[in-house]
Amino acid sequence: MKKIATIIGTTGVGKSQLGVEICKALGGQVINADAMQVYKGLDIITNKMPMHERLGIQHHLMDFLEPEQEYKVTQFKDDCSNCIESIWHDNQLPVVVGGTNYYVQSLLYQNSLIKGEDVARSPSPEPMPDLDVLPTDDLYQRLQQVDPIMANKWHPSNRRKILRSLQVYYQMGRPQSDIIKDQHTHHERFGSQARFPSIIFWLYADPLQLNPRLDDRVTSMIKTGLFEEIKQLRQRVVEGQVNLPPGQVDEQYQRGLWQAIGYKEFDPYFTALEANALSMEDLDKIKDECTEKMKTATRRYAKRQVQWIRNKLLPTIWNAKQDDVKIYLLDAGDLSLWNTNVRDKAIEVARAFQNGDTLPDPTSLSEAAKTMLTQTELQDTQSRILGWQNHTCPICKTDKGDQLILYGDIEWEQHKKSRWHRKSIKTLKRKAAMDMNRPNAPPPTDD
Ligand SMILES: [Zn+2]
């Protein structure tokens, strides 16, 4: 049976190690799904597993691109699919070890990628006005003009939502409601169909346990040669061997290798160092600031990775038409318990999956699994927005004498239980009763 295993989770949680352990135990090969580790060399800044820790397990899609090359997600999907085929051909288990969310999702699901960069921009988006300075009323009026559907969905005082919809409009050059409709149509047509039967291991560590580990890792990266790598890379840029992507500095650092955490954060330090104009003391100060920036960026990245799993991947898995993709959370919070909590459990479940045996209930594996994998308030933004309806209460009136409008189902449900609404009903009934007592009153009607 053609199956794959995938390991996801935040940075610094031990994905590479588990990948090697599963391959050792079950006969497998690793495929890298981290957008930084596709680059040649630069082992420290890209967090590559040292050769001697790979224990002879073959690693695919690693270490093959030059710094100036960009690797598109579609390219990854094709290359990864070829690797999977060839590993199956060797009668082994492909183990995808992924740090880059959209790589993983594009691999696991058919046509699941229609987000952000993939939504075509209009050829000439309007320049974005300075929205932050405008009062909420003005923002709302603007939204009513450019995207009345979204304006209707948001409460006129919900500044955050209104602002977001306007930003989407100016950035993409199309109304947000159009984009959502496209995504919905796409989803209806293609569904989120799994491309392969797959078992996912989500390595999870509570931020309280993870964050100090991430900080330590930054410190250790600096000790083991991060600066050498950054210096060499900068030198190659200066000598014209490597070109930065075109655009402003901010944009350049959002593409390809240049996004690697550490390179841009230490830019002020190296710029000062290269200018050779500061005292050692001042340089050290900048260095400390940059180190802090790198730590913050690392923690933020880890947080985003978990958000993606919870808000995008889990709903996709749970809403899928078939249950070809199973997800197991392994508690990697306490490294001293790695072998029992992570390695052994993963191998046991992966073996059962490979043999087609009965799999354990994912929420039974640990307390963390129970908390994180229980389907409470599963909120798929897309369906929530599309299913949005404003309700006009037929009974209640505002101070101005208009019928009251409730923005969305939740508000409507709450309103129906509210004292205001109940009071309005009472008033209405009392009036009806009085009418009945009058001669020639109309017959009573049901509520
Ligand atoms: Zn009402």
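To start, this report covers the structure provided alongside it. (Residues numbered from 1 in each chain as written. Predicted model: local features only at pLDDT ≥ 70, side-chain atom pairs only at ≥ 80, totals over all residues. Heavy atoms only, no water.)

1. Remarks on the environment of Ile7
Then, number 1: Residue position: Ile7 is located in strand S1 (residues 4-9).
Then, number 2: Distance in space between the C-alpha atoms of Ile7 and Val97 is 4.9 Å, their sequence separation being 90 residues.
Then, number 3: Ignoring any residue separated from it by four or fewer positions in sequence, one finds Ile7 in contact with Lys15, Leu18, Gly19, Ile22, Val95, Val96, Val97, Gly98, Phe201 and Leu203. (Helix = DSSP H or I, 4+ residues; strand = E, 2+ residues; numbered from the N terminus. Contact = heavy atoms within 4.5 Å.)

2. What about the coordination of the zinc ion?
Then, number 1: Within the protein, the atoms that donate to the zinc ion are Cys393 (SG), Cys396 (SG), His415 (NE2) and His421 (ND1), at distances of 1.9 to 2.3 Å.
Then, number 2: Along the chain, the residues donating to the zinc ion fall in the pattern C-x2-C-x18-H-x5-H. Here Cys396, found in strand S7 (residues 390-397), pairs with His421, found in helix H17 (residues 419-437); they are 25 residues apart in sequence, far enough to count as distant. Of the two residues examined, Cys396 and His421, each falls in the buried class. (Donors = N, O, S within 2.8 Å, 3.2 Å for Na, K, Ca; no water. Buried < 20%, exposed > 50% of the residue type's maximum accessible area, 1.4 Å probe, protein only.)

3. Here we look at the packing of helix H16 (residues 409-417) against H17
Then, number 1: In the contact formed by H16 and H17, the axes pass within 5 Å of each other and the chain directions differ by 55°. Put simply, H16 runs oblique to H17. Contact residues: His415, Lys416 and Lys417 in H16; Arg419, Trp420, His421 and Arg422 in H17.
Then, number 2: Here the contact of H16 with H17 is built from residues that sort into 1 nonpolar, 2 polar and 4 charged. (Axes fitted to C-alpha atoms, helices over the stretch in contact; angles between N-to-C directions. Parallel < 35°, antiparallel > 145°, perpendicular 65-115°, else oblique. Nonpolar A, V, L, I, M, F, W, Y, C, P; charged D, E, K, R; others polar.)

4. Re the pattern of salt bridges
Then, number 1: Throughout the structure, instances matching the rule amount to 12 salt bridges.
Then, number 2: Here Glu413 makes a salt bridge to Lys416, at a shortest N to O gap of 3.5 Å. One end of the pair is Glu413 and the other is Lys416, both in helix H16 and 3 residues apart, which spans about a single turn.
Then, number 3: Overlapping salt bridges bring together Lys40, Glu66 and Arg236 as one network. (Salt bridge = Lys/Arg side-chain N within 4 Å of Asp/Glu carboxyl O.)

Don't take any of this as a statement about function, it's just geometry.
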